[in-house]
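# An overview of the molecular structure
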Amino acid sequence: MTTSDPSSLATVSSQFAGNWIMALRHCCTDAQLASFLQRAGMHAVQGQIAHRITLDQIVRLYQIAAIETNDEMMGLWSRPIRARALQHLLTTVREASSLPSALHRFSTFWNLLLDDYQIELASGNGSISLRLVPRGAQPCQQFGHMLILKLAHGLLSWLAGYEVPVQAVQFAFERPGFSDDYAVIFPAQISFMAPCSAITFEVAKLGPTKRRSSAELKEFLSRAPRDWMFTGYREHKQSLRVREFLYQTNWEGGHLADAARALNVTPRTLMRRLDAEDTSFQAIKDGLRRDIAIHDLQAGSKSIEEISQDVGFSSPANFHRAFRRWTGVTPSSYRASKN
């Protein structure tokens, strides 16, 4: 279908980053924010992102905003997180001899910087949880909660040398309308309206750390948040394995029965497992088609007719209708907004 890494094709809804954009407004002017979004390749209408956004766009916005606001958490917490904080965090956790020890170092570091929350570690029943416990009454920054929990997971994975399995993730806010986007971020079942936001790991799956050099630390920092924002872990979630299957096959052979055969389960079992993850085979297929189309529309090297054929549509008209259903705009309007 494409030569790109399938995990790099992932997109999230504009609403997913809405909480982040609101936070940015508190640490920059409207003109600066408009410049940030424009340089990140995000089309904005009245200061709001208008379309789905890609991993590359999130990385660009993070790298621009973290530097130019002088806040590596970009207004998400009441106290700015000054430059080089992430570097010091990596220097601290890479000295840990085990992943549980790294989690302890992670919590100690952030408890020196955050006024809004206390990060606590809780163990029991073979699991260890990192919890974000509020220190007072303040609005819940959804993007901030996601970002710090994902940073913990990303740092553990970097130290381990592989993506560490996540047992569970919970958030202390209502399930948003874009909750499917969290599956792109965390390789685990997500729950909402919990007493506090938390990420949980099985202790038995947290092994020793891999020694990381200063050069590797520097590379991780230069790529942030690319290496820890989006998940590539496919064994844990059936939906990601189905997406991987569809990515590797052609659309004519991309049927439920074919996917079930490739995953060594019955079609009924696959349907049941996907339903447990609040998705379906068709939703995964449409999501991959949408993300490939967005990637190719942004690249600008293919015609809309070529893209429609590449993602398995019999005619450009059918592709236009589907793309509008997925994104709210036509392919030509989406492409024009990026120019």
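Residues numbered from 1 in each chain as written. Predicted model: local features only at pLDDT ≥ 70, side-chain atom pairs only at ≥ 80, totals over all residues. Heavy atoms only, no water.

### Topic: the state of the cysteines
Tallied over the entire structure, the rule returns zero disulfides. In this structure cysteine 28 is not part of a disulfide, and its nearest cysteine sulfur, from cysteine 27, lies 5.3 Å away. (Disulfide = S-S within 2.5 Å.)

### With respect to the pairing of strand 5 (residues 117-124)
Strand residues, when the strand is regular, have side chains that alternate between the two faces of the sheet. In terms of strand pairing, strand 5 meets strand 6 (residues 127-134) through eight bridges, oriented antiparallel. In the strand pairing of strand 6, alanine 122 is matched with serine 129. Connecting the antiparallel pair strand 5 and strand 6 is a turn made up of two residues, with asparagine 125 showing a positive phi of about 55°. (Pairing = 2+ DSSP bridges. Helix = DSSP H or I, 4+ residues; strand = E, 2+ residues; numbered from the N terminus.)

### Topic: the nonpolar core
One broad rule of soluble globular proteins: the nonpolar side chains tend to lie buried together. Phe106, Trp110, Met146 and Phe171 are the most contacted members of the largest nonpolar core, which totals 81 residues. With 12 residues, helix 6 (residues 142-160) is the single largest residue contributor to this core. Apart from the residues lying within four places of it in its own chain, the contact partners of methionine 146 are Phe16, Phe171, Tyr182, Ile185, Phe186 and Met229. In terms of nonpolar packing, the next biggest core, distinct from the first, is built from 29 residues, Val265, Ile304, Phe323 and Trp326 among them. (Core = buried A, V, L, I, M, F, W, Y, C linked by side-chain atoms within 4.5 Å. Buried < 20%, exposed > 50% of the residue type's maximum accessible area, 1.4 Å probe, protein only. Contact = heavy atoms within 4.5 Å.)

### Regarding the side chain of aspartate 116
Following the sequence through the fold, aspartate 116 ends up in the loop between helix 5 (99-111) and strand 5. Of the side chains with opposite charge, arginine 79 comes closest to the buried, unpaired aspartate 116, at an N-O distance of 7.5 Å. Only 3.0 Å separates the side chain of aspartate 116 from the side chain of serine 78, close enough to count as a polar contact. Not counting residues within four places of it along the chain, the set of residues in contact with aspartate 116 comprises Trp77, Ser78, Arg79, Val133, Pro134, Arg135, Gly136 and Gln138. (Lys, Arg positive; Asp, Glu negative; His and termini not counted. Salt bridge = Lys/Arg side-chain N within 4 Å of Asp/Glu carboxyl O. Polar contact = N/O pair within 3.5 Å; in protein donor to acceptor, adjacent residues only side chain to side chain.)

### Description of unusual backbone geometry
Apart from glycine, the bulk of residues carry a negative phi angle, and the bulk of peptide bonds sit in the trans form. The peptide bond linking alanine 224 to proline 225 adopts the cis configuration, its omega dihedral lying at 0°. Structurally, proline 225 is set in the loop between helix 8 (214-223) and helix 9 (226-229). Phi is positive for arginine 84, which is not a glycine, with a value near 80°. Tracing the backbone shows arginine 84 in the loop between helix 3 (55-68) and helix 4 (85-93). Here asparagine 264, not a glycine, exhibits a phi torsion of approximately 60°, which is positive. Turning to its location among the elements, asparagine 264 is positioned in the loop between helix 11 (256-262) and helix 12 (267-276). When its relative accessible area of 72% is taken as the criterion, asparagine 264 is described as exposed.

### Focus on the packing of helix 4 against helix 6
Relative orientation of the contacting elements helix 4 and helix 6 amounts to 50°, with a least axis distance of 11 Å. One element, helix 4, and the other, helix 6, form an angle in the oblique class. You can see that helix 4 and helix 6 cross each other, and the crossing is right-handed. Contacts from Leu86, Leu89, Leu90 and Val93 of helix 4 reach helix 6 at Leu151, Leu155, Trp158 and Leu159. Here the contact of helix 4 with helix 6 is built from residues that sort into eight nonpolar, no polar and no charged. (Axes fitted to C-alpha atoms, helices over the stretch in contact; angles between N-to-C directions. Parallel < 35°, antiparallel > 145°, perpendicular 65-115°, else oblique. Left-handed = near helix turned anticlockwise from the far one by under 90°. Nonpolar A, V, L, I, M, F, W, Y, C, P; charged D, E, K, R; others polar.)

### Notes on the packing of aromatic side chains
A ring pair, where both rings are aromatic, is described by two values, the distance of the centres and the angle of the planes. In this structure the tally under the stated criterion is 20 aromatic pairs. Measuring from centroid to centroid gives 5.8 Å for phenylalanine 16 and phenylalanine 143, while their planes differ by 70°, and the two rings are edge-to-face. With a gap of 127 residues between them, phenylalanine 16 in the loop between strand 1 (11-12) and helix 1 (18-24) and phenylalanine 143 in helix 6 connect regions that are remote in the sequence. We classify phenylalanine 143 as buried; its relative accessible area is 2%. Taking 5.8 Å as the distance between ring centres and 75° as the angle between the ring planes, the aromatic pair formed by phenylalanine 323 and tyrosine 334 counts as edge-to-face. Note that phenylalanine 323 is positioned in helix 15 (residues 316-327) and tyrosine 334 in helix 16 (residues 331-337), a separation of 11 residues in sequence. Side by side, phenylalanine 323 and tyrosine 334 carry an identical accessibility label, which is buried. Each residue in the set Phe16, Trp20, Phe143, Phe171, Phe173, Phe178, Tyr182, Phe186 and Phe192 is aromatic and connected to the rest through ring pairs, giving one cluster. In this structure, arginine 289 packs its charged tip against the face of tryptophan 251, placed 5.2 Å from the ring centre. One Lys or Arg, arginine 289, reaches over the ring of phenylalanine 313 and ends 4.4 Å from the middle of that ring. (Phe/Tyr/Trp six-rings, centres within 6.5 Å; stacked < 30°, edge-to-face > 60°. Lys NZ or Arg CZ within 6 Å of the ring centre and 35° of its normal.)

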